[in-house]
Amino acid sequence: MSAPTLRLGSKAPNFQSETSNGPIDFYEFAGDQWVVLFSHPDDFTPVCTTELGAFAKLEPEFTKRGAKLLGLSANKPDSHRAWIKDINELSQTNLSFPIVADPERKVAHLYDMIDYQDATNVDDKGVQFTIRSVFIIDPKKTIRLIISYPASTGRNTAEVLRVLDSLQLGDKNRVTTPINWTPGDDVIVHPTVSNDEAKTLFPKFKIVKPYLRFTPLEVEQDIRNTYKSKL
Ligand code: BEZ
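Thresholds, definitions, all that
Residues numbered from 1 in each chain as written. Predicted model: local features only at pLDDT ≥ 70, side-chain atom pairs only at ≥ 80, totals over all residues. Heavy atoms only, no water. Helix = DSSP H or I, 4+ residues; strand = E, 2+ residues; numbered from the N terminus. Expected span 1.5 Å × (residues − 1). Salt bridge = Lys/Arg side-chain N within 4 Å of Asp/Glu carboxyl O. Buried < 20%, exposed > 50% of the residue type's maximum accessible area, 1.4 Å probe, protein only. Pairing = 2+ DSSP bridges. Right-handed = clockwise from strand over helix to strand, strands pointing away. Core = buried A, V, L, I, M, F, W, Y, C linked by side-chain atoms within 4.5 Å. Contact = heavy atoms within 4.5 Å. Phe/Tyr/Trp six-rings, centres within 6.5 Å; stacked < 30°, edge-to-face > 60°. Axes fitted to C-alpha atoms, helices over the stretch in contact; angles between N-to-C directions. Parallel < 35°, antiparallel > 145°, perpendicular 65-115°, else oblique. Left-handed = near helix turned anticlockwise from the far one by under 90°. Nonpolar A, V, L, I, M, F, W, Y, C, P; charged D, E, K, R; others polar. Near = heavy atom within 4 Å. Polar contact = N/O pair within 3.5 Å; in protein donor to acceptor, adjacent residues only side chain to side chain. Areas by Shrake-Rupley, 256 points an atom, 1.4 Å probe, with all protein chains shown as cover.

K.L.:
For helix H2 (residues 46–64), give the residues involved together with the corresponding values.
P.N.:
With 19 residues, H2 ought to run about 27 Å at 1.5 Å a step, and its terminal C-alpha atoms sit 29 Å apart, in line with that. Where H2 ends, the next residue or the one after it, Gly 66, has phi of about 75°, a positive value.

So, in structure tokens, the structure goes:
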């Protein structure tokens with residue numbers, strides 16, 4: 001069966017699944033919130049253990065931005081619950097968001113998370129690994145970010161939060177965000193905004209090149225402060 005192809009802008013498919021917190025319907029779970037969905041190939045894997053702990057620690061920041069966390073791993077709920085005990089012990093946290101139980105990799109397949117299969121990309125049963133993906137899905141269920149990580153490299157929760165902040169800022173204002181931007185830094189005036197419009201919308205905007213115009217943009221103190229501490 002060929003995998004569906006999901007791209008930025010695709011509608012996130014709905015699914016029903018067991019999770020570490022009981023059954024969910026994805027759309028009902030999401031409601032009108034943003035969702036950060038991130039996947040793992042197996043419980044009790046070392047890199048993934050550290051990642052789940054870090055996401056659990058940062059959950060209040062996602063909540064503040066109207067985003068829900070949803071993990072996924074290709075094991076059953078009892079295994080997830082046992083793994084969560086380890087995660088909490090090791091990261092000194094209290095992971096409470098659900099982890100989708102996907103032992104048959106149905107959701108992993110639906111979301112096109114399965115890695116390219118080659119001779120090395122199999123577990124001890126010969127099944128291909130679930131790709132280690134991060135999706136940001138907006139309240140309209142549109143996929144706004146897809147990142148795939150190799151098993152060897154732990155994800156960066158601060159980067160996921162930063163992309164969420166950029167997307168939310170760009171949805172509210174006609175701006176984009178430059179390289180390594182964090183909230184409070186100058187932003188880029190969107191190319192569709194004429195200079196005349198920019199004079200009204202962004203009175204302090206500066207033209208660096210005709211195609212590159214920067215402007216300061218007020219961001220809530222609370223959001224800016226997140227980036228002052230080590231995330
Ligand atoms: C991990 O360390 O989390 C991991 C190991 C093998 C495959 C995928 C993840």
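K.L.:
Any chance you could break down the pattern of salt bridges for me, citing the residues and the numbers?
P.N.:
Following the criterion strictly, the structure yields 14 salt bridges and no others. Put simply, Glu 61 and Lys 64 hold a salt bridge, and the shortest N to O gap is 3.1 Å. Of this pair, Glu 61 and Lys 64 are both found in helix H2, 3 residues apart, which corresponds to roughly one turn of the helix. The exposure class assigned to Glu 61 is buried, which follows from its relative accessible area of 17%. Take Lys 64: its relative accessible area is 39%, and that puts it in the partly exposed class. When the shortest N-O distance is used, the salt bridge between Arg 81 and Asp 78 registers 2.8 Å. Separated by 3 residues within a single helix, Arg 81 and Asp 78 lie in helix H3 (residues 77–91), roughly one turn from each other. Salt bridges sharing partners connect three or more residues here, namely Glu 61, Lys 64, Arg 65, Asp 165 and Asp 222.

K.L.:
Pulling in residues and values, what's your account of the pairing of strand S3 (residues 34–40)?
P.N.:
Residues in a regular strand point their side chains to alternate faces of the sheet. In terms of burial, S3 is a largely internal element, 7 of the 7 residues being buried. In this structure, S3 lies alongside strand S4 (residues 67–73), joined through 7 bridges in parallel fashion. Among the inter-strand pairings, Phe 38 is bridged to a residue of S4, identified as Gly 71. As for the winding sense of the linkage, the β-α-β connection from S3 through H2 to S4 is right-handed. Across 4 bridges, the pairing between S3 and strand S6 (residues 132–137) is antiparallel. Looking at S6, one finds that Val 35 is bridged to Ile 137.

K.L.:
Before we move on, can you summarise the nonpolar core with the specific residues and values?
P.N.:
Counting residues in hydrophobic clusters, the biggest one holds 28 residues, and the most contacted among them are Val 36, Phe 62, Phe 97 and Ile 136. Elements that contribute at least two residues to this core include exactly S3, H2, S4, H3, S6, strand S7 (143–149) and helix H5 (157–172). For this core, the element with the highest residue contribution is H2, accounting for 6 residues. Residues contacting Ile 136, with those up to four places away along its chain left out, are Trp 34, Val 35, Val 36, Thr 142, Ile 143, Arg 144, Leu 145, Val 160, Val 163, Leu 164 and Leu 167. One finds Leu 6, Ala 12, Ala 30 and Val 100 within the second-largest nonpolar core, a separate group that totals 20 residues.

K.L.:
How would you summarise the packing of aromatic side chains if you had to cite specific residues and measurements?
P.N.:
One pass over the full model with this rule turns up 9 aromatic pairs. Measuring from centroid to centroid gives 5.8 Å for Phe 38 and Phe 97, while their planes differ by 65°, and the two rings are edge-to-face. Here the residue Phe 38 occupies a position in strand S3, and Phe 97 occupies one in the loop between H3 and strand S5 (99–101), the gap between them amounting to 59 residues. Residue classification places Phe 38 among the buried positions, given a relative accessible area of 0%.

K.L.:
Tell me about the packing of H2 against H5, and please be specific about residues and values.
P.N.:
Between H2 and H5, the least distance of the axes is 10 Å, while the angle of their chain directions is 25°. Considering their axes alone, H2 and H5 lie roughly parallel with respect to each other. Handedness of the H2/H5 crossing: right-handed. Counting all contacts with H2, which are made through Ala 54, Phe 55, Leu 58, Glu 61 and Phe 62, the residues of H5 involved are Thr 157, Ala 158, Val 160, Leu 161 and Leu 164. Here the contact of H2 with H5 is composed, by residue class, of 8 nonpolar, 1 polar and 1 charged.

K.L.:
Quick one: what's the story with the site of the ligand, residue by residue and with numbers?
P.N.:
For the ligand, the full set of nearby residues is Pro 41, Thr 45, Pro 46, Val 47, Cys 48, Phe 129 and Ala 151. Thr 45 has a polar side-chain atom sitting 3.3 Å from an oxygen atom of the ligand. Between an oxygen atom of the ligand and a main-chain N or O atom of Val 47, the distance comes to 2.8 Å. Isolated, the ligand exposes 260 Å² of accessible area, and the fraction of that covered by the protein chains is 83%. In the shell around the ligand, the residues fall into 6 nonpolar, 1 polar and no charged.

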